[in-house]
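Examination of the molecular architecture
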Amino acid sequence: MEDDILTIEEVAKYLRVSERTVYDWAQKGEIPAGKIGTVWRFKKSEIEKWVNDRLAVNKTPQSLQTVQIQNILSPDRIVFLNHSTKRDALVALAGTLSTAPQIKNSQELETEILKREELMSTAIGRGIAIPHVRLSSVTDLVMAVGICKSDIIDFQSIDDEPVRILFMIAAAYNQHAYYLQTLSFISTKLKNKELREKLLEVTEPVEAYNLLLEY
């Protein structure tokens, strides 16, 4: 399908890097890409897998130690969701994240979260989605968590599993390294099946918060 093919500009916007960086990666074979004539094009599914693979392996013990759950999350930003579509779930969770003092423009947050999701799904498999943005109106990295009581089946996850747990992350535009470290940290933590199962069983936000600290 035509909408499964991305341009350099679209990939740069998704990855939050310059178009020149994407071009250089394509030239060097560091990112999955193909040429139509003289123009680089990218398959949406291949870029999504490339990003998820990088989140899974591009980490070191030192970088993981820089991320502390208690510094980016509080129990009042853990909510239970009863929405059946990803748009409704994302809007609700963006509203929760907007209560954090680090978020200075709640409408921009919601708009950019939805734009990012339209460009490429943030569902990483195992019932998890990690919607994320960097914005100049955010003063410091912050996170909200949504635990869904029913399946969200329209997230287009890479393993076709419905999404049940969402971690929404917003960072300042100049926090690129910390932003990537946090994405890696969360995606690695949620590979723990026992943690995922326990999160789905909790009845109070503070229980989920303590589980995330414990694991």
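Preceding this section is the structure that the text describes.
Residues numbered from 1 in each chain as written. Predicted model: local features only at pLDDT ≥ 70, side-chain atom pairs only at ≥ 80, totals over all residues. Heavy atoms only, no water.

A count of helices and strands for the chain gives 10 helices and 9 strands. Relative to the compact-globule value of 17 Å for 215 residues, the chain shows a C-alpha radius of gyration of 17 Å, a close match. Over its C-alpha atoms, taken along the principal directions, the chain stretches across nearly 55 × 35 × 35 Å. Burial analysis of the chain (215 residues in total) assigns 48% to the buried set. Contacts spanning at least 24 positions in sequence make up 69% of the contacts within the chain whose residues lie at least 6 apart. With an accessible surface of roughly 10600 Å², the chain has 48% of that area assigned to carbon and sulfur atoms. A gap of 5 Å separates the mean positions of the 26 positive and 30 negative side-chain charges of the chain. (Helix = DSSP H or I, 4+ residues; strand = E, 2+ residues; numbered from the N terminus. Rg over C-alpha atoms; globule rule 2.2 N^0.38 Å. Buried < 20%, exposed > 50% of the residue type's maximum accessible area, 1.4 Å probe, protein only. Contact = heavy atoms within 4.5 Å. Areas by Shrake-Rupley, 256 points an atom, 1.4 Å probe, with all protein chains shown as cover. Lys, Arg positive; Asp, Glu negative; His and termini not counted. Charge placed at Lys NZ, Arg CZ, Asp CG, Glu CD.)

Attention shifts here to the sheet that holds strand 3 (residues 39-43). Pairing is antiparallel in the open sheet, where 3 strands are placed in the order 1-3-2. The sheet is open, and its two borders are formed by strand 1 (5-6) and strand 2 (34-36), each paired with just one other strand. Relative to strand 3, strand 1 is paired through 2 bridges, and the arrangement is antiparallel. Residue pairing in the sheet places Leu6 in a bridge with Phe42 of strand 3. Across the sheet, helix 2 (residues 19-28) lies against strand 2 and strand 3, angled at about 85 degrees from strand 3, the strand it touches most. (Pairing = 2+ DSSP bridges. Axes fitted to C-alpha atoms, helices over the stretch in contact; angles between N-to-C directions.)

In this fold, Thr182 is placed in helix 8 (residues 176-189). For Thr182, a relative accessible area of 0% translates into the label buried. Each residue touching Thr182, except ones within four places of it in the same chain, is listed here: Val67, Ile72, Leu141 and Ile169.

This paragraph deals with the packing of helix 9 (residues 193-201) against helix 10 (residues 205-214). Two elements in contact, helix 9 and helix 10, have axes separated by 9 Å at closest approach and are oriented at 170 degrees. With respect to their mutual orientation, helix 9 and helix 10 come out roughly antiparallel. Judged by the sense of rotation from one axis to the other, the crossing of helix 9 with helix 10 is right-handed. Mapping the contact onto sequence places Leu195, Lys198 and Leu199 in helix 9 and Ala208, Leu211 and Leu212 in helix 10. Per-class residue counts for the contact of helix 9 with helix 10 are 5 nonpolar, no polar and 1 charged. (Parallel < 35°, antiparallel > 145°, perpendicular 65-115°, else oblique. Left-handed = near helix turned anticlockwise from the far one by under 90°. Nonpolar A, V, L, I, M, F, W, Y, C, P; charged D, E, K, R; others polar.)

Following the criterion strictly, the structure yields 5 salt bridges and no others. One salt bridge connects Asp24 with Arg20, and the closest N-O pair in it is separated by 3.2 Å. Taken together, the residues span about one helical turn, with Asp24 and Arg20 both in helix 2 at a distance of 4 residues. (Salt bridge = Lys/Arg side-chain N within 4 Å of Asp/Glu carboxyl O.)

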